[in-house]
Amino acid sequence: MNAKLEELDKWKSHNVYDLVDKGNNSFITLRWVMSEKYVNGKLNAKARLVAKGFQENKQDILSDSPTCNKESIRLALNIIASLNWSSQSIDIKSAFLQNKTIDRDVFVKPPKEVECPP
């Protein structure tokens, strides 16, 4: 639960959302992605709140958050291995929350852990 609350605090501190009345708007539901990893020998829980983007009414193909597909990652890793290169990765906390603003309205239904006024 602490990991979920920490993620909700990040959304709030980065001003990611505004509370609005549902009205006639269609909305996307959110879900939690939970993971655990060891950091300095201690098991830490990590929670990410993600939107189910496939629920959005898509008029055009959107690319607000482009990502690599599995085949592209496998190809890149194959090339790296065949050339005896080394690879590294980093994790930037809340990076997706600090991106530019999108040019459309997206309405999401908050998870049950979020208290919203009636």
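Residues numbered from 1 in each chain as written. Predicted model: local features only at pLDDT ≥ 70, side-chain atom pairs only at ≥ 80, totals over all residues. Heavy atoms only, no water.

A. Molecular detail of the overall build of the protein chain. Broken down by element type, the protein chain carries two helices and three strands. N-terminal to C-terminal, the α/β element order of the protein chain is α-β-β-α-β. Every one of the 118 residues in the protein chain was classed for burial, and the buried ones make up 15%. For the protein chain, the exposed surface amounts to about 10,400 Å²; the carbon and sulfur share of it is 51%. (Helix = DSSP H or I, 4+ residues; strand = E, 2+ residues; numbered from the N terminus. Buried < 20%, exposed > 50% of the residue type's maximum accessible area, 1.4 Å probe, protein only. Areas by Shrake-Rupley, 256 points an atom, 1.4 Å probe, with all protein chains shown as cover.)

B. A look at the pattern of salt bridges. The final tally for this structure, using the stated rule, is two salt bridges. Lys10 serves as the salt-bridge partner of Glu6, at 3.9 Å between the closest nitrogen and oxygen. Note that Glu6 and Lys10 are positioned in helix α1 (residues 2-13) at a spacing of four residues, about one turn of the helix. What makes Glu6 partly exposed here is its relative accessible area of 45%. Relative accessible area serves as the criterion here: at 14%, Lys10 is assigned to the buried category. (Salt bridge = Lys/Arg side-chain N within 4 Å of Asp/Glu carboxyl O.)

C. Representation of the environment of Ala3 within the structure. Take Ala3: it is sitting in helix α1. Along the chain, Ala3 and Lys46 lie 43 residues apart, while their C-alpha atoms are 5.4 Å from each other. Excluding anything up to four places from it in sequence, Ala3 contacts Ala45, Lys46 and Ala47. (Contact = heavy atoms within 4.5 Å.)

D. Here's a closer look at the sheet that holds strand β2 (residues 42-51). Taken in spatial order, the three strands line up as β2-β1-β3 in an open sheet, and their pairing is mixed. For this open sheet the edge positions go to β2 and β3 (108-109), each flanked by a neighbour on one side alone. Here ten bridges tie strand β1 (residues 28-39) to β2, and the two strands are oriented antiparallel to one another. In the strand pairing of β2, Tyr38 is matched with Leu43. Running over the sheet, α1 touches β1 and β2 and is turned about 50° from β2. (Pairing = 2+ DSSP bridges. Axes fitted to C-alpha atoms, helices over the stretch in contact; angles between N-to-C directions.)

E. Region of interest: the nonpolar core. Listed in full, the seven residues of the largest apolar core are Ala3, Leu8, Trp11, Leu30, Trp32, Ala47 and Leu49. If you tally residues by element for this core, the top one is α1, at three residues. The residues contacting Ala47, other than those within four sequence positions of it, are Ala3, Lys4, Glu7, Trp32, Val33 and Met34. (Core = buried A, V, L, I, M, F, W, Y, C linked by side-chain atoms within 4.5 Å.)

F. Region of the structure containing helix α2 (residues 70-82). For α2, built from 13 residues, the straight-helix expectation of 18 Å at 1.5 Å per residue is met to within 8% by its first-to-last C-alpha distance of 18 Å. Residue Asn84 follows α2 closely and has a positive phi angle near 55°. (Expected span 1.5 Å × (residues − 1).)

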